[in-house]
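Single-letter residue listing:
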Amino acid sequence: MAAVTGESLRSELEMFDIPCRDDSVLDKMVEQCICNRIQADEMVLEWVAYSTTKNGLKLTTDTLEQFEHEVLNKKNKSKPSFRKDETHNRTRDIHSIQELIKAEEEEENLLESYSTPAKKRALTTPEHPHSKRSVALLASPGLLLSPASFSPSSTPSQKYSQRGGKGEVVVTFGAVQGTRWAGRKALGAGVQLELLEGPEDSLTCSYKYMFQRLRDIRNVLTEKIEELGEGLKTHFSIEEFSPVSLPAQDCVTVLGQVCCDSNGKLNAQSVLLEAGPEQGGQQVPVDLSELKEYSLFPGQVVVMEGMNTTGRKLMASKLYEGVPLPFYTPEEKMEPDEEPMNVLVACGPYTPSDSLTFDPLLDLINVIVRDRPDVCLLLGPFVDSKHEQIEKAQLTETFEAIFSRCVESIVDGTKSVGCRLVFVPSQRDIHHHFIYPQPPFVLPNLAKDQAQRVTLVPDPCTLLIDGVTFGLTSTDILFHMGAEEISCGTGSDRFSRILKHMLTQRSYYPLYPPVEEVNMDYEKFQSFGQMPLTPDVLIIPSELRYFVKDVAGCVCVNPGRLTKGQVGGTYGRLLIQRNAASEDGKRVGPCLAAQVVKI
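The structure presented is a predicted model; accordingly, all values stated were derived computationally and were not measured.

Reading the values: the criteria
Residues numbered from 1 in each chain as written. Predicted model: local features only at pLDDT ≥ 70, side-chain atom pairs only at ≥ 80, totals over all residues. Heavy atoms only, no water. Helix = DSSP H or I, 4+ residues; strand = E, 2+ residues; numbered from the N terminus. Buried < 20%, exposed > 50% of the residue type's maximum accessible area, 1.4 Å probe, protein only. Contact = heavy atoms within 4.5 Å. Areas by Shrake-Rupley, 256 points an atom, 1.4 Å probe, with all protein chains shown as cover. Pairing = 2+ DSSP bridges. Axes fitted to C-alpha atoms, helices over the stretch in contact; angles between N-to-C directions. Core = buried A, V, L, I, M, F, W, Y, C linked by side-chain atoms within 4.5 Å. Salt bridge = Lys/Arg side-chain N within 4 Å of Asp/Glu carboxyl O. Patch = residues over 30% accessible without salt bridge, like charges linked within 9 Å, V, L, I, M, F, W, Y side chains within 5 Å. Arc of directions from axis to C-beta. Phe/Tyr/Trp six-rings, centres within 6.5 Å; stacked < 30°, edge-to-face > 60°. Lys NZ or Arg CZ within 6 Å of the ring centre and 35° of its normal.

> In this structure, what is going on with the overall build of the protein chain? I would like to understand it.
Each helix and strand in the protein chain was counted, giving 16 helices and 22 strands. With 599 residues in all, the protein chain has 51% of them scored as buried. Restricting to contacts in the protein chain with at least 6 residues of sequence separation, those with at least 24 account for 74%. Surface summary for the protein chain: the accessible area is close to 29300 Å², and the carbon and sulfur share equals 51%.

Written as structure tokens, this is what we have:
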């Protein structure tokens, strides 16, 4: 909060043509500002409002005392009780959730520091890094990721090395009893991996991003409403949609996009339905009081049934939920796999927040060498823009150099395993373009003999791995939508609702407008941000708690982050087996088992 001075108050008063030549009056006002914790502009606005109600009261020390007694003191009394109610009852926004997570992490870290670890590891100095891990891994990843190379003040994170519960399984899904978490015996086992691209040119081509006109954005949103509307119309056998603002005495069916009547957070009283151009392109407020259950968020395309007698408000009586796309069906009949495929999933950051040593990443490479998975899906951030030392510019190397060193370590460290490596960028990768959809990484210095193992994909993307489809995104849509969604009487948990919305809205980022930190390029989003089909497995990392859930036949996995603050986090592993359809023709999910494990 900036310091309030007599000069700043004088200039604010002059804006309203209020002369003030008496310094004692200004001193009194400064004192009131400090005592009541308000800025100069707010103080003057309060005074103008007060003096106007008192028929243009003159500004003197006496009238200021009267003003303090009648306005400022009352304002202060109302503050604490409001704050208390607010903290208990408000639906939290993104920033308040982040504050809660930070506080939780600090508490966790404090408890970690008080617990007695079973075996303390001697800390190695940056000048003589001799971690046992680096010896075990042909010495190359450890040496490449030695702390001295990144920052002169970098030492290994003590809290990370003393963490408890290493290798502890925290979430299980499917038939995990007696499961062998290992890849197929053959090196690489000839895993077929391809990207299900958008219809247009790839994101790898050169293009001007964020170079978009409002008209183009509107066209993308309009097409989304019309496309999803057609799907709903066919599925529910709806004859036609009525214009949203047309007065009608009968029950009407309308199509539109949910939005908020202001810049604030959506609530049950602020819901608007915005129609596409075919239905008049207007907005109408919606009364949800007659709906027994609903789950809505800004940007959601819905069909509602209800009465709109005046044309000014829709009394909604029925809400039609969206329909997910069909699952992947191969053109030729494929034989079921003899052996299941082991897929490892990890999401950055790969360093603790208090150190730029990649110890968690070295531990992950150890896990890969031990379990020998067939495919490793590695999601960013690899060089995290939110890292303390990066924010304070304490590095001695370029971001690109750190990233290429990090990737080289992963590629070299897993050479003996021969697994396929998939790298997904993140909005938090400081060395990369932070737009959405995000183009894949570029690795010009990758060794040719290892290049065929490495697949660089955009965020988001849909991959086909041995006939099983994987949806991947590193953007925290769960966190973003969790802060915006409103619901009533649904009976399901918030994660399941949000995941179902993603599948029914057929999009990796259905929220509109997006949160401030997501720079959406709508033209590319139309081609690369939509789901071409419902994936068999959806990988959706988040700051929120890890989970594995089956939502409408799609197995959704939040593996958590590999590090959480200064302590270790989690990674995920899945056993995938492509199945032939069962005898009655029903689809059998390819995910046999899944686990989330502490690093």
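> Where do I start with the sheet that holds strand S2 (residues 193–195) in this structure?
In sheet architecture, strand pairing relies on hydrogen bonds along the backbone and comes in two forms, parallel and antiparallel. The strand order S2-S13-S14-S16-S18-S17 describes an open sheet built from 6 strands, whose pairing is mixed. Every other strand in the sheet has two partners, leaving S2 and strand S17 (547–551) as the edge strands with one partner each. Averaged over all pairs of adjacent strands, the angle between strand axes in this sheet comes to 25°, irrespective of strand direction. In the sheet, strand S13 (residues 461–465) pairs with strand S14 (residues 468–472) via 5 bridges, with the strands oriented antiparallel. Looking at S14, one finds that Leu464 is bridged to Thr469.

> Sorry, what's going on with the nonpolar core here?
Nonpolar side chains tend toward joint burial in soluble globular proteins. One finds Leu364 and Leu378 to be the most contacted residues of the largest nonpolar core, which totals 35 residues. If you list the elements that add at least two residues to this core, you get strand S9 (341–347), helix H10 (359–371), strand S10 (375–379), helix H12 (399–413) and strand S11 (420–424). Per-element accounting of this core gives the leading share, 6 residues, to H12. Other than its neighbours up to four places away in sequence, Leu364 contacts Leu344, Ala346, Tyr350, Leu378, Leu562, Tyr571 and Ile599. In terms of nonpolar packing, the next biggest core, distinct from the first, is built from 31 residues, Val191, Ile539, Ile576 and Ala594 among them.

> What is the right way to look at the pattern of salt bridges in this model?
As enumerated under the stated definition, the model contains 19 salt bridges in all. As a salt-bridge pair, Arg370 and Asp371 come within 2.9 Å of each other at their nearest N and O atoms. The class of Arg370 is exposed, set by a relative accessible area of 57%. Here Asp371 falls in the buried class, since its relative accessible area comes to 9%. Here the residues in one salt-bridge network are Asp384, Arg428, Glu543 and Arg561, joined through shared partners.

> Would you mind showing me how to read a nonpolar patch on the surface here?
Together, Met15, Phe16 and Leu45 make up a nonpolar patch on the protein surface, roughly 330 Å² of accessible area in all. With respect to the secondary-structure elements, Met15 resides in helix H1 (residues 6–15). Met15 gets classed as exposed once you look at its relative accessible area, which sits at 63%.

> Please clarify how the sheet that holds strand S1 (residues 169–174) should be interpreted in this entry.
Judged by pairing direction, the sheet is mixed, and its 7 strands sit side by side in the order S1-S22-S21-S9-S10-S11-S12 without closing on themselves. With partners counted over all chains shown, the strands left at the sheet margins are S1 and strand S12 (454–456), one partner each. Averaged over neighbouring strand pairs, the angle between their axes works out to 15° when direction is ignored. The pairing of S9 with S10 spans 5 bridges and is parallel. Paired with Val343 across the strands is Val375, a residue of S10. Along the sheet face, H12 touches S10, S11 and S12 and points at about 160° away from the line of S11.

> Hey, could you run me through H1 in this one?
Since one α-helical turn is 3.6 residues long, residues separated by three or four positions face the same way. Within H1 the residues assigned to the buried category are Leu9, Glu12 and Leu13. Around the axis of H1, the buried residues are gathered within 100° of arc, so they sit on the same side. H1 presents Glu7, Glu14 and Met15 as exposed residues on the side facing more than 90 degrees away from its buried surface. Packed against the buried residues of H1 are helix H2 (23–36) and helix H3 (40–53).

> Got a minute to help me understand the packing of aromatic side chains in this structure?
How two aromatic rings sit relative to each other is given by the distance of their centres and the angle of their planes. Throughout the structure, instances matching the rule amount to 15 aromatic pairs. Between Phe382 and Phe423, the ring centres sit 5.7 Å apart and the planes meet at 55°, which makes this aromatic pair tilted. Of the two residues, Phe382 sits in the loop between S10 and helix H11 (388–391) while Phe423 sits in strand S11, which places them 41 residues apart along the sequence. The exposure class of Phe382 is buried, given its relative accessible area of 3%. Between Phe403 and Phe441 the ring centres are 4.5 Å apart and the planes differ by 45°, which places this aromatic pair in the tilted class. Note that Phe403 is positioned in helix H12 and Phe441 in the loop between S11 and helix H13 (448–451), a separation of 38 residues in sequence. Grouped by ring-pair contacts, the aromatic residues Tyr350, Phe382, Phe403, Phe423 and Phe441 constitute a single cluster. The aromatic ring of Phe211 is capped on one face by Lys208, whose charged end is 4.9 Å from the ring centroid. Above the face of the Phe327 ring, Arg587 is positioned so that its terminal group lies 3.6 Å from the ring centre.

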